[in-house]
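Breakdown of the fold
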Amino acid sequence: MKKLFVILALALPILASAQKFGYVNTQELFQQMPELKQVEARLDSLNAQYENMLTAMQEEYQKKVQDYQDKQATMTDAIRQITEEEIYSIQQRLQTTYQTAQADVQKKQEEYLVPVQERMVNAIRKVGEEKGFTYIFNSATSLVYTGPDAIDVTDDVRKELGIK
């Protein structure tokens, strides 16, 4: 048992020194990727479509409420009830459309960003394999300490991605 402990104690520093550690700032790289501008443009377009739709519905709602307020005193009970139901219906459609828009934009954002993220991860993986790294850590989120032997591979990954 003592021999095993001594062998492990002697072998661990040798094994540890054979490992190569790197780090990369994924947030910085992600923001520099040219595909991100395309994703943002597509999302801006989708947002604009929903904004236009919601603005038109809001205007319809406000017009109906204003009309109701202006004529409320002269309305019969039946017409007042029908008008209130119409206002309520418009309000419900407006709320449903807003929620649908938010969910759709969120879904599209995730859908559009997955290929960009995968491309970045593949570039990091390729740099790691080509340069013989044991680990490459994300310095943007999880790095607490970087020792003198750790290597910043952000520029290598940037080159792999074709970012200047």
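Look a little higher up for the structure.
Worth saying up front: this structure is predicted, and the values here are computed from it rather than measured.

Glancing now at the packing of aromatic side chains. Geometry of an aromatic ring pair is reported as the spacing of the ring centres plus the angle between the planes. The tally for this structure, following the rule as stated, stands at three aromatic pairs. Their ring planes at 5 degrees and their centres at 5.6 Å tell us that F21 and Y135 sit as a pair that is stacked. Here F21 is found in strand 1 (residues 21-24), whereas its partner Y135 is found in strand 2 (residues 135-138), with 114 residues between them in sequence. The partly exposed category is assigned to F21, whose relative accessible area is 29%. What makes Y135 partly exposed here is its relative accessible area of 43%. Centre to centre, the rings of Y135 and F137 are 5.8 Å apart; their planes meet at 25 degrees, and the pair counts as stacked. A residue is classified by how much of its surface remains accessible, and F137, at 35% relative accessible area, is partly exposed. The ring of F133 is capped by K20, whose NZ or CZ atom sits 4.8 Å from the centre of that ring. Sitting over the face of the ring of Y112, R42 holds its NZ or CZ atom 3.8 Å from the ring centroid.

So, about the sheet that holds strand 1. Across the sheet, which stays open at both edges, the three strands sit in the order 2-1-3 with parallel pairing between neighbours. Because the sheet does not close on itself, it has two edges, and the strands there are strand 2 and strand 3 (151-152).

As for its position among the elements, T83 is in helix 4 (residues 77-131). Engagement of the side chain of T83 in a polar contact is seen with the backbone oxygen of I79, the distance being 2.8 Å. Ignoring any residue separated from it by four or fewer positions in sequence, one finds T83 in contact with Y68 and M75.

Our next topic: the pattern of salt bridges. Under the definition given, this model contains ten salt bridges. The salt bridge involving E28 is made with R158; its shortest N-O contact spans 2.3 Å. Here E28, found in helix 2 (residues 26-32), pairs with R158, found in helix 5 (residues 154-161); they are 130 residues apart in sequence, far enough to count as distant. Classification of E28 by relative accessible area gives partly exposed; the value is 33%. The class of R158 is buried, set by a relative accessible area of 12%. Among the ionic pairs, R80 bridges to D77, the shortest N-O distance being 2.9 Å. Of this pair, R80 and D77 are both found in helix 4, three residues apart, which corresponds to roughly one turn of the helix. Relative accessible area serves as the criterion here: at 21%, R80 is assigned to the partly exposed category. Since its relative accessible area comes to 59%, D77 is described here as exposed. Taken together, the shared-partner salt bridges connect E28, D155 and R158 into one network.

What counts and how
Residues numbered from 1 in each chain as written. Predicted model: local features only at pLDDT ≥ 70, side-chain atom pairs only at ≥ 80, totals over all residues. Heavy atoms only, no water. Phe/Tyr/Trp six-rings, centres within 6.5 Å; stacked < 30°, edge-to-face > 60°. Helix = DSSP H or I, 4+ residues; strand = E, 2+ residues; numbered from the N terminus. Buried < 20%, exposed > 50% of the residue type's maximum accessible area, 1.4 Å probe, protein only. Lys NZ or Arg CZ within 6 Å of the ring centre and 35° of its normal. Pairing = 2+ DSSP bridges. Polar contact = N/O pair within 3.5 Å; in protein donor to acceptor, adjacent residues only side chain to side chain. Contact = heavy atoms within 4.5 Å. Salt bridge = Lys/Arg side-chain N within 4 Å of Asp/Glu carboxyl O.

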